[in-house]
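Geometric and topological summary
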Amino acid sequence: MLRHVLGKTFRFLGYTVQYGCIAHCAFEYLGGIVVCSGPSMEPTIQNCDIVFSENLSRHFYCIRKGDIVIVKSPNDPKSNICKRVIGLEGDKVCTSNPSDFLKSHSYVPKGHVWLEGDNLRNSTDSRCYGPVPYGLIRGRICFKIWPLNDFGFLRASPNGHRFDD
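The rules behind the values
- Residues numbered from 1 in each chain as written.
- Predicted model: local features only at pLDDT ≥ 70, side-chain atom pairs only at ≥ 80, totals over all residues.
- Heavy atoms only, no water.
- UniProt positions renumbered as here; feature names shortened; annotations may be inferred.
- Helix = DSSP H or I, 4+ residues; strand = E, 2+ residues; numbered from the N terminus.
- Rg over C-alpha atoms; globule rule 2.2 N^0.38 Å.
- Buried < 20%, exposed > 50% of the residue type's maximum accessible area, 1.4 Å probe, protein only.
- Contact = heavy atoms within 4.5 Å.
- Areas by Shrake-Rupley, 256 points an atom, 1.4 Å probe, with all protein chains shown as cover.
- Lys, Arg positive; Asp, Glu negative; His and termini not counted.
- Charge placed at Lys NZ, Arg CZ, Asp CG, Glu CD.
- Polar contact = N/O pair within 3.5 Å; in protein donor to acceptor, adjacent residues only side chain to side chain.
- Patch = residues over 30% accessible without salt bridge, like charges linked within 9 Å, V, L, I, M, F, W, Y side chains within 5 Å.
- Salt bridge = Lys/Arg side-chain N within 4 Å of Asp/Glu carboxyl O.
- Phe/Tyr/Trp six-rings, centres within 6.5 Å; stacked < 30°, edge-to-face > 60°.

The name given to the protein chain in an unreviewed UniProt entry is Mitochondrial inner membrane protease subunit, with the source organism recorded as Malurus cyaneus samueli. Word for word, the UniProt comment on the protein chain under Subcellular location (unreviewed entry) is "Mitochondrion inner membrane". Quoted verbatim from the Subunit (unreviewed entry) field of UniProt, the annotation for the protein chain is "Heterodimer of 2 subunits, IMMPL1 and IMMPL2."

The structure is reproduced here in structure tokens:
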């Protein structure tokens, strides 16, 4: 009786560990569902929108200008942020705010990206904390899942002129 109960318990624990490892690999390397919060990506992504983020692009260095990415916050490593890639390493980017009369420019250093929110007036981004190391990128957002009336691929940036070649 005891052997039977222990056998079932260990079998259950074994399956739990196996499925846990599979789930971890799926979420770490393939992608997952993300709930976005905050106004920095409006109007593209609204507060509480649900999106799908794929993680293969970061592993294969396929992130491009214009992509929206999930990144570990440079200010708070316990939280993730959602921003648009404006510049890749070697690109010249505008580092000033849209309201600044004199514009300043800088080059993105090797191994870094320049990130900005679509809502330039209400976004804490690379204009505040500088270029972000590529290693902090967690995934690239592919499409919006919720709300259903906005389901599908994300629209182009309202600030496309900031990263056009």
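Moving on to the overall build of the protein chain. Secondary structure assignment for the protein chain yields three helices and ten strands. When its helices and strands are written in sequence order, the protein chain yields α-β-β-α-β-β-β-β-β-α-β-β-β. Relative to its length of 165 residues, the protein chain is extended, with a C-alpha radius of gyration of 20 Å against a globular reference of 15 Å. The buried share of the protein chain, taken over its 165 residues, is 36%. Restricting the contact set of the protein chain to residue pairs at least 6 apart, pairs at least 24 apart contribute 54%. For the protein chain, the exposed area adds up to about 10,200 Å²; of that, 61% sits on carbon and sulfur atoms. Separation of charge centres in the protein chain, based on 20 positive and 15 negative side chains, amounts to 8 Å.

The positions that UniProt labels "active site" (unreviewed entry) are, in the present scheme, S40 and K83. Over a stretch of 44 residues, the named residues converge on one spot in the fold, their C-alpha atoms separated by at most 7.8 Å. As for its position among the elements, S40 is in the loop between β1 (31-35) and β2 (50-54). Exposure remark for S40: the relative accessible area of 13% places this residue in the buried category. Every residue in contact with S40, bar those within four places of it in the chain, is listed here: C82, K83, G117, D118, N119, N122 and S123. Assignment of secondary structure puts K83 in strand β4 (residues 80-87). Each residue touching K83, except ones within four places of it in the same chain, is listed here: S40, M41, D67, I68, V69, L115, E116, G117, S123, T124, D125 and Y129. In this structure the side chain of K83 is engaged in a polar contact, spanning 2.9 Å, whose partner is the side chain of S40.

A cluster of nonpolar side chains, L2, L6, F10, F12 and L13, forms an exposed patch at the surface whose accessible area comes to about 560 Å². Considering the arrangement of structural elements, one finds L2 in helix α1 (residues 2-30). Since its relative accessible area comes to 60%, L2 is described here as exposed.

Here the distance between the centres and the angle between the planes together describe a pair of aromatic rings. Taken as a whole, this structure holds three aromatic pairs when the rule is applied. An aromatic cluster is built from F52, F143 and F151, whose rings are joined through pairwise contacts.

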